[in-house]
Structures are given as structure tokens and as C-alpha cells.
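# Remarks on the overall topology
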Amino acid sequence: MQAANRLNLPLARVPLFRGLDDATIDDILSCMQGRRYAAGELICRQGEPSDSLFLLRSGVAQAFVTSLRSSTVTTIARLRPGDLIGEVGVVTNLPRSASVIARSDATVFQLGREDVASLLARHPRLLANITQVIGGRLAKMNADLRGFRAAEVVALIVGKRFARAGKDAIAAARLASPQALAAVDLLQTRPDRTQEESGLKSDAPSSILMAIERLDDLCAGRATVVIGASPEEEGITLLLEHADRVVAILADDESMMLADMLRVTSQDAEIVLVSEETESRRTLYDGYRIVRRCTVGVTATDVAWLGRHLSRTKLGLSLGAGGFKCFAHAGVIQVLQRAGYSIDCVAGSSMGAVVGVWLALGMTASEIEARLRDHCGSDAVVNSIFRKGAAGDGLEVFARIFRETTADRSFADLAIPATVMTADLAGKCPAPIRTGPLWEALMAALTVPGLYTPWARGEQRLVDAVSLTPVPLDSVIEMGADVTIAVNLLGRETLQEWPFDCGSLVIANFTRGQARDTVIEVLELAQLDASARQTSRADVPITPVFGPGTWRHAHLGSLFFAAGQKAAEAQLPLLSTLARPIS
């Protein structure tokens, strides 16, 4: 126990001392010199001689490498108490391969090269431990190159009023994750609750210290380890030091409770803030990032979202441009909803933006299909908005449709975050809209070049995004999606005839169109490759295959809808490997 007391660390978290007796550890510690580093201070610098190694005793450090050619800096590791620093250079007698900076106030034990050589002579097992540390780092580098990531350790810090919600969020995370997830639930809803009642095995860790001691075992073969605890739990600072990520459920009056501990450990925190106010009146710690606000307590919907957030399975849906082929978007949404998936954010271009906004307002796939059919499907409406345009009554018809279907609401009223993508002629760049009246954003999104003059929004001159961003995938990533789904309506593959029962629908020769139809078709043709390229970057790419018909044929909506369903159903097996449905 003497060695553990001197370290103030569980010996299981110090690979250097694995398998060594107390006498050997004491011998090693007697050769070490204690040093302190302030947050932001370099512990060692890349390229300098490797004259010592360090054992991180407390605090958090970050290892990074600087490219000799471009001077770019790449973070390669987050170092926690018990980790070694600089062992590779000492063993190989090469200059330091990386720089290490203290991200919080930190203490280390420093061991000089000569002392290392002397200790290795006296304790051969020590060399085996150092070699295992080096081998472990090489194995992690190889896994990273193959796309395998190490288990992410998530500290879930829950205010005393929300213990039940925290426990339910952990259960939801288990359901949402298709990968193995370990949970250490230290949130007690009543003092006499046993481990068995909490869903823990009888040998599960019952304290933060025990969880940290067994962290390697918990991480083995798992994608995520969630450790739930209250801010008052003994050892909370140790948990924050070892966590890769901190998520907190706190009331407004608890929001500063964690701040001092986060400063000490140089951690940021993702906050689910429970407050009756839509905006907190308190000054929040700079390291807080509010990821969700709850105004009436933590609801079942909030808990399900937290489960997806903890397990990194939040879905983002990107809906591409394509005129009335957007009925296919409703078909895709119906398949996802019937499979039990919740969409956490949505972005759309052109008519994809219209479907996306309606979805974000809480409409079901059937309701979206009905609105497309009832508000946009008649020949008179099609002629007004996609043929006459601004030269006729197109603007008035668009404004009426969008104001009626959004009830003059704004982005702040949406059930889920949404982005309406446009293109800015003034800035010559994509122009996402996420604030203001919804109907105005949709007017900008449907400003088709050649039919309408650019929509003025401040200094911006906005037009239909098909010209730059036909499938706005990056927007859902920016909104926090963990798993992305992109729907491309501009696929090259087409069918000679529809594989569905067309009933009384007239499938005529659609090769001819008016001059303005040709302008839009040229725009789409120019973006076929861009649309395919943007879609291919999604985790789940969906490209419906259509039969005869073009973007302007709203009367074929049911066939477009069915094509979207078919394409989405074909990708459900892929989606199930990335996220599991929970409601």
C-alpha cells in the first residue's frame, strides 16, 4: 500500500508498475523526481534529446506532432494519470518523437536516462512493462489506421434531481448502440437500492475508484464505456481526468457546480440544461457546450435523445434537390419511421429543403406526402411555380404554400434542428439558413435561376442550392449528426418502365419540355457528379432509381414515393450496423 499511497493512484492504472512488488516500485519511485507543470506548459518538446521519461501522476496532458513540411499540428494522444511520457526515446536513444503539453495543472515523476538503465539492470521485469507500453501504442496506431477506434470513456455527470433520467439514458444508450457498450451506473435513486436492482452485476464496480482500476477490462472489446455519477461522488475529479468525453444533465442552478473540476482537469462538457428559461441567465463556464435544453424537466423524448447522444448514434438526414421527385424523400422518411428510427437533424436543398422543414416541424411521412400532393401537385401550381415563375404568379403561389404549411413559424419553433441550404451569388458560396422565418428560407431555397430573381437576405443574393450543394451533407454533420443518411434524387441510373403498379397514371413521352424546363434540366445535369460525390460521403447513401418522368411531373408523386421506399429498405441492413432504433 505504501507505493499506491505515494502515487495517489490505483496501481492497476500504472502500466509501468504492472506485476511489480511494493519493494520494486518503491525502488523506482526513489529514483524519480517530482515536478509540477502549469496548464499550457510544455513537458517535453519534439526533436529534443530523450534524456528522461515521465510518469503522469495527476492532471491531463496532450501529445502532438508538428509536421516539418507544413508546420501543421496533429494531436496524437490524450494522456491521463498513470500514463508514461517519453519512454520510446529513452529506450531507443532517439530524439523525442512528439511534444507533450499539460492541458491542466499537472504533476509528474521524472526518471533520468541513467537511472532507467540502472533500474533495468536491477529489475528485468521493468523492461517488459515498458515494452508492453510501447507495443500497446503501436497497436493503437495500427488500429486507427484500419479505422478501428479504441473504446470511448464517457463521464455522465447527473444533478441530484435527475438521477432517474440519467439511469434511463444509460439504458437507452445500450439500446441505441449496435456495438458493445459497458455501463457503470453509480446513480442511486434511493439509498437502499442494491446493485442487482440497478441492473449491475454483483461484481460490478461500486465506486469511481473501482471503475478506474478496472477501466482496461471495461474497455476491452467495447466501443463505449459510460460511467454515470453525481457531481458529489467521491473521486469525481479522477473520473474527469480519465474520461474522453463529459456529458452532464444539470439544472440551471447547478450549472456552475462542475465548473471548477472541469477547469482543474482541462475538460469541456456537453450540457443538457434543464431550465424554465429558454436562455440561461447565468454566466456559464467557457468549457460548457449546451447540446440540448429541457424546459419542463427531462422527458422520455429527451432520454431517448440522450441515449443516442451517449452512444454516438444520432441520425442526420440530408435531402437532395430534384423537384417533385422529392416525393421519394417522404418514402425514405416513412421507411425510417416505420423501422423505429428517430431523425435528430435534417438539411435540404431546393425541394429537399421543403420536405426537411416539414419533417422538422414534426410531420410524419404520410403528412409530408399529403402536403406535397395537396399544395403542390396540381397542374396549375406546377405551371405557376416552375414555368411562369416571377413573370407570372409564381412568387405569390410559393409564398402562400410556404406560409400556410409552416404557419408562419420560425426555426426556433422546430422540433429538431434543420438547415435550409441555398447558394449566395454575392459571396459565391453555399449559404445555409438556420434562423428566421421558415417561409422566407424556403422562398430563397426555391429561387430557381432563370425563373426568379435572387432572394435578398441582407447582403446575400440567394438562389436554389442545386447550383453548388445539391445534397447538403456537411450541414447535418455541423448540426451534430453521428450517423449520416443522404438521399440523392439526381442519380444517373433510370428504368425504362416503372416496376410498380401505375394504375391510371399517364406515363407519356416526357422528353419534350418548355424552354425554362430545359434550363432546370441543364442545372441538374451539371450537378449529377457533385450530387453523387456528396451522397457517397454519407454513412448511409440512398439513391432511388426512377422510371420515366422528370422533376416537374408532380402527378407521378406516388411512384417517386415508392422508389424512395424501395431504395431506403435496401439500405436498412447497413443502417442497423451503425445505429439501432429506439423511440
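Residues numbered from 1 in each chain as written. Predicted model: local features only at pLDDT ≥ 70, side-chain atom pairs only at ≥ 80, totals over all residues. Heavy atoms only, no water.

What the protein contains, in helices and strands, is 21 helices and 22 strands. Looking at the protein residue by residue over its 583 residues, the buried ones come to 52%. Accessible surface computed for the protein: about 26000 Å², of which carbon and sulfur atoms make up 51%. (Helix = DSSP H or I, 4+ residues; strand = E, 2+ residues; numbered from the N terminus. Buried < 20%, exposed > 50% of the residue type's maximum accessible area, 1.4 Å probe, protein only. Areas by Shrake-Rupley, 256 points an atom, 1.4 Å probe, with all protein chains shown as cover.)

The full count for this structure, using the stated rule, is six aromatic pairs. Judged by centre distance (5.1 Å) and plane angle (15 degrees), the rings of Phe398 and Phe402 are stacked. With Phe398 and Phe402 both in helix α16 (residues 394-406) and four residues apart, the pair spans about one turn of that helix. Across the pair, Phe402 and Phe398 agree in class, each one buried. Taking 6.3 Å as the distance between ring centres and 65 degrees as the angle between the ring planes, the aromatic pair formed by Trp498 and Phe546 counts as edge-to-face. Placement of the pair is Trp498 in the loop between β21 (483-487) and α19 (515-526) and Phe546 in the loop between β22 (540-542) and α21 (557-576), with a sequence separation of 48 residues. Its relative accessible area of 7% is what places Trp498 among the buried residues. Look at Phe546 and you get buried, because its relative accessible area is 4%. (Phe/Tyr/Trp six-rings, centres within 6.5 Å; stacked < 30°, edge-to-face > 60°.)

Moving on, we come to α21. Helical periodicity: at 3.6 residues per turn, an α-helix aligns residues three or four positions apart in one direction. Between its first and last C-alpha atoms α21 spans 28 Å; for 20 residues at 1.5 Å apiece the expected length is 28 Å, and the two agree. Turning to α21, its buried residues are Gly557, Leu559, Phe560, Phe561, Ala562, Ala563, Gly564, Gln565, Ala567, Ala568 and Leu575. Looking at the packing, one finds that the buried side of α21 touches β15 (315-319), α12 (327-338), α14 (365-376), β21 and β22. (Expected span 1.5 Å × (residues − 1). Contact = heavy atoms within 4.5 Å.)

All right, on to the pairing of strand β7 (residues 99-102) then. Neither face of β7 is left uncovered, since the one carrying Ser99 and Ile101 and the one carrying Val100 and Ala102 both have all their residues buried. Inspection of the sheet shows strand β2 (residues 42-44) paired to β7 by two bridges, in the antiparallel sense. In the sheet register, Leu42 faces β7, and the bridge partner there is Ile101. (Pairing = 2+ DSSP bridges.)

Next up on the list: the sheet that holds strand β3 (residues 52-58). Sheet strands pair via backbone hydrogen bonds, and the direction of the pair is either parallel or antiparallel. If you trace the four strands from one edge of the open sheet to the other, you get β1-β8-β3-β6, paired in antiparallel fashion. Every interior strand has two partners, whereas the edge strands, β1 (33-37) and β6 (84-85), have only one. The pairing of β3 with strand β8 (residues 106-112) spans six bridges and is antiparallel. Bridge pairing in β8 links Leu53 to Leu111. Contacts from helix α4 (residues 113-122) reach β3 and β8, with the element oriented near 70 degrees to β8. (Axes fitted to C-alpha atoms, helices over the stretch in contact; angles between N-to-C directions.)

Over its 12 residues, α12 runs 17 Å from end to end, which matches the ideal 16 Å to within 8%, given 1.5 Å per residue. Most of α12 sits inside the fold, with 10 of its 12 residues counted as buried. If you check which residues of α12 are buried, you get Phe327, Ala328, His329, Ala330, Gly331, Val332, Ile333, Gln334, Val335 and Leu336. Positive backbone phi, at 95 degrees, marks Gly340, one or two positions downstream of α12.

Attention now goes to the confidence of the model for the protein. Interpretation of the predicted coordinates at a detailed level should be avoided for regions scoring low in pLDDT. The predicted model of the protein has a mean per-residue pLDDT of 86, with 87% of residues at 70 or higher. The model gives residues 189-200 a pLDDT under 50, and that stretch makes 21 contacts with residues more than four places away or in other chains. (pLDDT = per-residue confidence, 0-100.)

Attention now moves to the environment of Ala365. Note on placement: Ala365 falls in helix α14. Along the sequence, Ala365 and Val335 sit 30 residues apart, while their C-alpha atoms lie 8.7 Å from each other. Excluding residues that lie within four positions of it along the chain, Ala365 makes contacts with Ala330, Ile333, Gln334 and Gln337.

So, on to the sheet that holds strand β11 (residues 224-229). Spatially, β10-β11-β9-β12-β13-β14 is the arrangement adopted by the six strands of the open sheet, whose pairing is parallel. The outermost strands of the open sheet, each flanked by one partner alone, are β10 (181-185) and β14 (288-294). Put simply, the sheet's adjacent strands are angled 20 degrees from each other on average, direction ignored. Pairing of strand β9 (residues 152-158) with strand β12 (residues 245-251) involves five bridges; the strand directions are parallel. Paired with Leu156 across the two strands is Val247, which belongs to β12. In the packing of helix α6 (residues 163-176) onto the sheet, the strands contacted are β9, β10, β11 and β12, and the crossing angle to β10 comes to about 165 degrees.

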